[in-house]
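# A closer look at the structure
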Amino acid sequence: MTYSSELSELIEEFKEIDDKMERLEMVFDLADEVNLLPPQEWSEATRVVGCQSEAHVRVEVINACVNLESGADSKLVQGLMGILTLAIHGTEVAEALKLTPDFATEMGVLNTLSPSRSNGFRNMFDKVMRQIEQIQGD
Amino acid sequence: MREDFPILQRKINGYPLVYLDNAATTQKPASVINAMNDYYANSNANVHRAVHTLAGEATEGYESCRTALKERFNTDKAIITSGTTEAINLVAHAWGRANLSDGDAIILTEMEHHSDIVPWQMLAQEKNIELRYVPVMEDLTLDMELFESAIEGAKLVCVVHISNVLGVCNPIEEIVSIANKHGAKVLLDAAQSAPHQDIDFKSIGVDFMAFSAHKMCGPTGIGALLVADDAFEEMQPFMGGGDMIETVSIHGSTYQTNEQKFEAGTPRIAEAIGWTEALNWLSSINIVAEHKRILESARWLASKLRAMGMNVYGRHDDHDAAVVSFLHPTMNSEDLAHLLDARGFAVRTGHHCAQPLLDRLQITGTLRVSLYFYNTQEEVESFIEYFSEILERFA
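Conventions and cut-offs
Residues numbered from 1 in each chain as written. Chains lettered and ligands numbered in written order. Predicted model: local features only at pLDDT ≥ 70, side-chain atom pairs only at ≥ 80, totals over all residues. Contact = placed C-beta atoms within 7 Å. Helix = DSSP H or I, 4+ residues; strand = E, 2+ residues; numbered from the N terminus. Nonpolar A, V, L, I, M, F, W, Y, C, P; charged D, E, K, R; others polar. Core = buried A, V, L, I, M, F, W, Y, C linked by C-beta atoms within 7 Å. Buried ≥ 20, exposed ≤ 12 C-beta atoms within 10 Å, placed from the backbone. Domains from an automatic or database assignment. Pairing = 2+ DSSP bridges. Axes fitted to C-alpha atoms, helices over the stretch in contact; angles between N-to-C directions.

Looking now at the interface of chain B and chain A. At the junction of the two partners, chain B supplies nine residues and chain A supplies eleven residues. With four residues, the single largest contributor to the side of chain B that touches chain A is helix 11 (residues 333-341) of chain B. Split by residue class, the side of chain B that touches chain A holds three nonpolar, three polar and three charged.

Let us look at the nonpolar core. L84 and M124 of chain A together with V157, V186 and L225 of chain B are the most contacted members of the largest nonpolar core, which totals 159 residues. Looking at which domains feed residues into this core, each of domain 1 (2-20 + 286-394) and domain 2 (32-283) of chain B supplies at least three. The contact partners of V157 of chain B, leaving out residues within four places of it in the chain, are I107, I175, A179, A184 and V186 of chain B.

Residues and elements named next belong to chain B. Once the domains are mapped, chain B shows domain 1 (2-20 + 286-394) and domain 2 (32-283). Each of domain 1 and domain 2 was reduced to a C-alpha centroid, and the two centroids are 28 Å apart. The element contributing the most residues to the side of domain 1 that touches domain 2 is helix 12 (residues 355-361), with three residues.

Next up on the list: the sheet that holds strand 6 (residues 130-134) of chain B. Residue and element names in this part refer to chain B. Within the open sheet, the seven strands sit side by side as 4-10-9-8-7-5-6. Their pairing is mixed. Two strands close off the open sheet at either side, each with one partner strand: strand 4 (78-81) and strand 6. Averaged over all pairs of adjacent strands, the angle between strand axes in this sheet comes to 20°, irrespective of strand direction. Each of strand 4 and strand 10 (223-227) touches helix 2 (residues 53-73); the most contacted strand, strand 4, lies at about 125° to it.

Time to look at the sheet that holds strand 1 (residues 35-36) of chain A. Residue and element names in this part refer to chain A. Strand order in the open sheet formed by three strands is 1-3-2, with mixed pairing between adjacent strands. This sheet does not close on itself; its edge strands, each paired only once, are strand 1 and strand 2 (55-62). Pairing geometry for strand 1 and strand 3 (residues 65-72), over two bridges, is parallel. Bridging across to strand 3, L36 finds its partner in S70. Along the sheet, helix 3 (residues 75-88) makes contact with strand 1, strand 2 and strand 3, crossing strand 3 at roughly 175°. Contacting strand 2 and strand 3, helix 6 (residues 115-137) crosses the sheet at an angle of about 25° to strand 2.

Given below as C-alpha cells:
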C-alpha cells in the first residue's frame, strides 16, 4: 500500500534505527504529535478498551477529512497515538479507511514494545477505524 | 554462584541481563535444567505402578521431591500441586467444602494475592460463608487489633507470609497463637517466603502452607501444599481419577490414604525431579546470610530511590523480602519498564495480582524490583545509575 509522504518518511526512519532505546525515544517524541484530548474530556465513550494504560481517542469527520484527538497516561502509548495521527489525521475518509495496522509492523515499532502494548495499539487502531466507518455510515 | 545460572550470561538488546523480577519467578541453575533433560532423555516413564526399570526410576525421581520437601520444611505431609494457586484451591475444595458451612467465617487480609482471595470468594458464594478482611495500616503492617476482634467465630485464617508487593513479612507466630486460641485453622501463603527463609512447618504451627517451585529456582507448573496431620484427616478428595484410588468398581471407589489421595492423574514428574535439584541447590548456600545481603541491597536501593523523589512502598525490616515497589511522581511505570528493558533490566509493573492492597494504598500499580540470591550490589547500583539517566532524558 502507498502511504503519505510523512508516514513513509517515518517508516523509513524507524527502520534505520537498531537501538531499542533510540526507537523508544522516537516514540516518546511522537507523543507531541497528537491533537491532545485532555484528561477532563476522557470518558467511557473515548476509552480504548484492552489497553493497559488509560488511552482515549475521539474521532470526527470535518470537511470529509478525519479529525483525530487522543491522549494517554503513558507517553509511549501517546507516542503510538502520535504515529496514528501522522497516518490519518487530516486525510480524506476514503483514504484513511484504506490503512491497515500493517504499517506499524512494517515500521518495526510494535516489536519494540511488549505484546500487551502491541495489542493496545491494534485495539486503538480498530476503535478509530470503526468510528470513522460509523460516522461515514450515518 | 552466578555461573550456576546459564541465563545470566544472556544479553538483552546487546546489554547484560540484569534480572530483577524474582518475585514473579526466579531463574534456574544448570543442575535443574540438566536433571529435567536427563529424565526425558533417559528415564521417561509414568510413575507408581509399572514394574519396569524406567517406571522405577521415574517413581524414585518423583517421590524424591516429596522426601526433599519433607526434610527441608519438617513436615509429614507434602501434597504436590501445580503451584501455590492450586494448593490454595485444594484447601478450599478439599477442606473448606467438607468443614465449612452456612454462616461460618474466614479471615483474609487486604495484603493477599488474588490467588488467596478468589478461591475463598467462590467458596463463600457457594456456601454462604462470611469473609472478613484484616486491614493494612499506614505503616504497611496488618491491623492486629482488628484481627483479634475479627477472629471470634472464624474457622479459618488465610494469610500471606510475605507480601509480593511490599515485601512486608507478617507476624505469623502471633497470628497462629491468636487463631489457635479461637480454634481457627491457619493457611499460610508462603509463595514469597519459602524461597527466602528456612521455614520449619511444625514449629511455625500453621495447618496448611502453600508455595511454588518456580520462585525458588525450580521449574514452573509445580508447587506444594504442606498439611498438618489433623487437618489432613479432615480433607476430602477433590479431583478424582487415576493414582488417587485404592480400588475402583462399578459400585464405587476407595481412596489412597496418603498424599496421593490429592494427586489424581499423571503427576509432574520432570518438574518434581527439577525441583529436587533446586532444593539441593538452595541447601548448598547459606540462605540466612544471602538474604541479609540482598536485603541490604534492597534497603540501599529504596533509600536511593526515595532520594530521587520516588514514592517507595515498603519498610525492609529484617525478615522482609528484598522487594522494592515504587512509583515515579509523574512518569508511567510501564514506560519506565520499557526504557529499563532497552538496557537489559527486567522489572515488573502493574497491580501484581494484589488489587485490594493497591486499593488500600490508593494506587493502581507499582514498578517492582525484586532481588534473589544471585543478584549483586553492583547490579543494583547499575540499576540506579541507568534509572537516573532515564529520568534525565525522559522525566
